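What follows is the residue order along each chain.
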Amino acid sequence: ANVKMAERADHDTSILQFASFCSTLDTGFWHKLSYKKLNEYKLSEGKVDIWGSYTNGDVAGLPTRLSLDYSAFDKPELSARIYNSPGILVITNTVEKFKTTDKEQLLRETSELIWRDICSGAAVTDPTLLTRFHLFTFANLKKYQYLYWFAFPALLPEKPIQSSPPLSVKSHFNEDQIKSLVISWDNFQLANPGVGYFLVKISDKQIDVKLLTEFDSVYGKNPQHVVVGFCDPCTLDNNPGWPLRNFLALIAKQWGSYVSQLSVLCFRDRTRDGHRDVGHSLFYEKVEVPIFVLDDDSSPKSVGWEKNAKNKLVSRKVDLSSSMDPVKLAESSVDLNLRLMKWRLLPSLDIQLIQQTRCLLLGSGTLGCSVARCLIGWGVRNITLVDNGKVSYSNPARQSLFQFDDCANGGKPKAETAAEQLQKIFPGVLMQSKQ
């Protein structure tokens, strides 16, 4: 009989599979990154703190999203139903560095930070640390093209985690319990905005939400039935979202000595057309607490590099050049050349002063054409050419701003023709001509 019961228990559980995060990057993020690279980071390849966010209110069919926008470089304010994730940004200066950098080492470094916060208890006080991520990029600011790769580290236990099949909260809890859950959750968020991990205390008619720091007062040292919850960004019917993985690692490290199995509430809170619904939340009656067997100074292995649209472990690329004004794109490319010279060779170079300089060139011949081309290459944006001559057949071979057709019918005015050609080369320059 005991054997049959054990076999039945095995059939009632299966390996728990998680829906991984999918990065969502707003165009404003790349514009802000470009600005900061040019004006703050420059040639630095150091680590930069950034922030992403996710929500548990997405409509069915959307992926498990972690979003970054223009505000990702500023520490976010806490708000209800938006759950922040701290991240690390590293920008390489060359595409070769981006391709050859040890990606496993980057993943390992971020994973070690998560494990450190778990072991120290910092993640109990601030559970957002469980969703740390890494963004590795190369920004081609001349073409507004970006290579990038996200890592969402998840710590690996000794063996896969077993769980019972998921249930909908509507099928597991009664109407009074669900109403009390919503009320308790709203009060919890008012007092603790942005906290997406919690304890769940269940009675016949009521469900209360508590902070992780209250574990001992809620369950004591000999808990009979532990229930935890998290705000689940996943919209799938049969899988929890990625944030649960490291949450289970935290539970294993902090309370695993006396908790081997627990229940998990995957809380989803959707509002559409003025109607609020938490009925699509999932409830797992039985989830194994994972086991981590490690030396004192080591951390678990991890996974987490994001796959591309073809489900392959490679970086992604975004090209914003088509959305940029070509003139503005040319101006930023010229500016970038000057900034690179300033950063690498001439720290005292005053680019703004050069751009504000007005130049008067007397003569548009061999020397005048060469000097004018040199001036726009150095960022001068306001040039006036003075020349009373006309283009002759001997000029195009020696003077770079003229062509054979400019010599026909007695020749075009030199100053005017040179000015027109310079504006074709670089539309961002303000050209004037005087005969």
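What you see is a predicted model, and the numbers here were worked out from it, not measured in a lab. What you see as residue numbers is a count from 1 along each chain, following the sequence as written. Selection of residues for local features in this predicted model requires a pLDDT of at least 70, selection of side-chain atom pairs for listing and counting requires 80 or more, and totals for whole chains, interfaces and linings are taken over all residues. The side-chain quantities take in all heavy atoms of the structure and omit both hydrogens and water.

## Regarding empty space enclosed by the protein
- A cavity, in this analysis, means grid points on a 1 Å lattice covering only the protein atoms where a 1.4 Å probe fits yet has no way out; a pocket is instead an open set bounded by protein on both sides within 12 Å along at least five of seven lines, and a residue lines either one if it has an atom within 4 Å of a point. Grid points are joined across faces, edges and corners, and a volume is the space filled by probe spheres set on the points. Scanning the model with the defined rule gives three cavities of 30 Å³ or more in all.
- The calculated volume of the largest cavity comes to roughly 60 Å³.
- What lines the largest cavity is F21, L130, T131, R132, F152, P153, A154, W242, P243, R245 and N246.
- Sorting the residues of the lining of the largest cavity by element identifies β7 (145–155) and α9 (243–255) as the ones contributing at least two each.
- Amino acid classes used here: Ala, Val, Leu, Ile, Met, Phe, Trp, Tyr, Cys and Pro are nonpolar; Asp, Glu, Lys and Arg are charged; the rest, including Gly, are polar. Within the lining of the largest cavity, the residues separate by chemical class into seven nonpolar, two polar and two charged. Strands are runs of DSSP state E lasting at least two residues, helices are runs of H or I lasting at least four, and both sets are numbered from the N terminus onward.

## Observations concerning helix α2 (residues 27–41)
- Residue count minus one, scaled by 1.5 Å, sets the expected span of a helix. Its 15 residues give α2 an end-to-end C-alpha distance of 20 Å, which sits within 8% of 21 Å, the value for a rise of 1.5 Å per residue.
- Between buried and exposed lies partly exposed: a residue is buried under 20% and exposed over 50% of the maximum accessible area for its type, with that area taken using a 1.4 Å probe on protein chains only. Those residues of α2 lying buried are G28, F29, W30, K32, L33, S34, K36, K37, L38 and Y41.
- You can read the cap of α2 off the contacts: a side-chain oxygen lies 2.8 Å from the backbone nitrogen of G28, and it is on D26.
- Once α2 ends, the next one or two residues include K42, with phi positive near 55°. Here a polar contact is taken to be a pair of N or O atoms separated by no more than 3.5 Å, where protein atoms must pair a possible hydrogen donor with a possible acceptor and residues adjacent in sequence count only if both atoms sit in side chains.

## Quick word on the layout of surface pockets
- Here the largest pocket defines a volume of roughly 430 Å³.
- What lines the largest pocket is a set of 20 residues, among which S20, W305, E306, K307 and L313 lie closest to the centre.
- At the level of secondary structure, the elements contributing two or more residues to the lining of the largest pocket comprise α4 (103–120), β7 and β17 (302–305).
- Broken down by element, the lining of the largest pocket gets its largest block of residues, four residues, from β17.
- Residue classes in the lining of the largest pocket are distributed as ten nonpolar, five polar and five charged.

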